[in-house]
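Understanding the architecture of this molecule
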Amino acid sequence: MFGFRIRIRGEYALFSRPEMKVERVSYDVPTPSALTGLISSVFWHPGVQYIIDRIYVYRPPDFVNIRRNELSEKVSPRTVMEEGAGDEARAVYSSELRTQRASLLLKDVDYGVEFHFVLTKDADADMTEEKCYNMLLRRLRKGQYFRKPCLGCREFPADVTLVDELPPSGLQGDVDLGFMLYDLQFKKNRAGDYTDCAEPRFYRPRMVDGVIDVRAYAKELVC
């Protein structure tokens, strides 16, 4: 098993709670799916699956309330596919659909993450774990990425640093974080292609002295 340790820092973060339908409210700590997306911004391949092992929280959650301009509508993936097939294009004009919504964000965040990866059935025939490890290691060392890593939203970029060891967190106590989003399980059709349908999976972690052992709580996922 090829594992990594990274340090993640950022000015703002937003790990949206799905139960909040209108206003954006962040979880106290990052979700595994958000961290998986962040790592995928550095190196992505359909045959590589990232698994979060531990999350280190170095600063207590500090929230700030802001208002942001958003759109009240969006173009669905189905509409994009129909346009690609030659149907009439549908445009979204931001000046007409702009609306302000409140967001409860985390500020001045600092996390440590331990993770590893596994190869899936979508991996190429010549792909090996050692090859993927070296590619990801090289990109992390050089600070390379094909899309800027972000903390939940693209507006909130993250600084990602590869480290040999993660220092212990200075936080104390045992905190029940409640049910949190673990990931989205995308379904496949009969042809073996991924569809737009995704099933959310939740888990209920605890943060002990600033550390979340994701592996221990991911054994009992709730759909």
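Each remark here, short or long, concerns the structure printed above.
1. Concerning the overall build of the protein chain
Helix and strand counts for the protein chain stand at five helices and 11 strands. Each of the 223 residues in the protein chain was classed as buried or not, and the buried ones make up 36%. Across the protein chain, contacts joining residues at least 24 apart in sequence account for 74% of those joining residues at least 6 apart. When the accessible area of the protein chain is evaluated, it comes to approximately 13,500 Å², of which 49% is carbon and sulfur surface.

2. Brief notes about the nonpolar core
Core analysis: the biggest nonpolar cluster contains 41 residues, and Ile8 and Phe115 have the highest contact counts within it. At the level of secondary structure, the elements contributing two or more residues to this core comprise strand E1 (3-13), helix H1 (32-40), strand E3 (48-57), strand E5 (98-119), helix H4 (129-142) and strand E8 (180-188). Tallying contributions element by element places E5 first for this core, with six residues. If we skip the residues at most four places from it in the chain, Ile8 touches Leu35, Leu38, Val109, Asp110, Tyr111, Val113, Leu151, Ala158 and Asp159.

3. A few points about the pairing of E1
Pairing of E1 with E5, which is carried by 10 bridges, proceeds in the antiparallel orientation. Across the sheet, residue Ala13 finds its bridge partner in E5, namely Leu106. Relative to strand E6 (residues 159-162), E1 runs antiparallel, the two being bridged by four bridges. The partner of Arg7 across the bridge, within E6, is Thr161.

4. Side note on the packing of aromatic side chains
Summed over all chains, the structure comprises seven aromatic pairs. Measuring from centroid to centroid gives 6.0 Å for Tyr50 and Phe115, while their planes differ by 75°, and the two rings are edge-to-face. Taken together, the residues Tyr50 in strand E3 and Phe115 in strand E5 connect sequence positions 65 residues apart. Pair check on accessibility: Tyr50 and Phe115 agree, each one buried. An angle of 75° between the planes, with centres 5.3 Å apart, marks the rings of Tyr182 and Tyr203 as edge-to-face. Within this pair, whereas Tyr182 is found in strand E8, its partner Tyr203 is found in strand E9 (residues 194-203), the two being separated by 21 residues in sequence. On the basis of relative accessible area, Tyr182 is assigned to the buried category, the value being 13%. Stacked on the ring of Tyr58, the Lys or Arg Arg7 has its end atom at 4.1 Å from the ring centre.

5. Considerations on the side chain of Ser41
Examined against the element boundaries, Ser41 turns out to sit in the loop between H1 and E3. A distance of 3.4 Å separates a polar atom in the side chain of Ser41 from a polar atom in the side chain of Arg147.

6. Digging into H4
The end-to-end C-alpha distance of H4 is 20 Å, a good match for the 20 Å that 14 residues give at a rise of 1.5 Å each. Among all positions of H4, only Cys132, Leu136, Leu137 and Leu140 are buried. Looking straight down H4, one finds its buried side chains confined to an arc of 130°; they lie on one side. Residues of H4 that are exposed and point more than 90 degrees away from the buried face comprise Glu130, Arg141 and Lys142. Contacts made by the buried residues of H4 are with E1, E3, E5 and E6. Note on H4: the residue one or two positions beyond its end, Gly143, has a positive phi of about 70°.

7. Structural notes on unusual backbone geometry
If you check the backbone angles, Asp108 has positive phi at about 50° while not being a glycine. Among the secondary structure elements, Asp108 is positioned in strand E5. Judged by relative accessible area, which is 39%, Asp108 ranks as partly exposed. With a phi angle near 50°, Asp209 is a residue other than glycine that sits in the positive phi range. Inspection of the secondary structure puts Asp209 in the loop between strand E10 (206-208) and strand E11 (211-213).

Rules used in this analysis
Residues numbered from 1 in each chain as written. Predicted model: local features only at pLDDT ≥ 70, side-chain atom pairs only at ≥ 80, totals over all residues. Heavy atoms only, no water. Helix = DSSP H or I, 4+ residues; strand = E, 2+ residues; numbered from the N terminus. Buried < 20%, exposed > 50% of the residue type's maximum accessible area, 1.4 Å probe, protein only. Contact = heavy atoms within 4.5 Å. Areas by Shrake-Rupley, 256 points an atom, 1.4 Å probe, with all protein chains shown as cover. Core = buried A, V, L, I, M, F, W, Y, C linked by side-chain atoms within 4.5 Å. Pairing = 2+ DSSP bridges. Phe/Tyr/Trp six-rings, centres within 6.5 Å; stacked < 30°, edge-to-face > 60°. Lys NZ or Arg CZ within 6 Å of the ring centre and 35° of its normal. Polar contact = N/O pair within 3.5 Å; in protein donor to acceptor, adjacent residues only side chain to side chain. Expected span 1.5 Å × (residues − 1). Arc of directions from axis to C-beta.

Remember that the coordinates give geometry; whether it matters functionally is a separate question.
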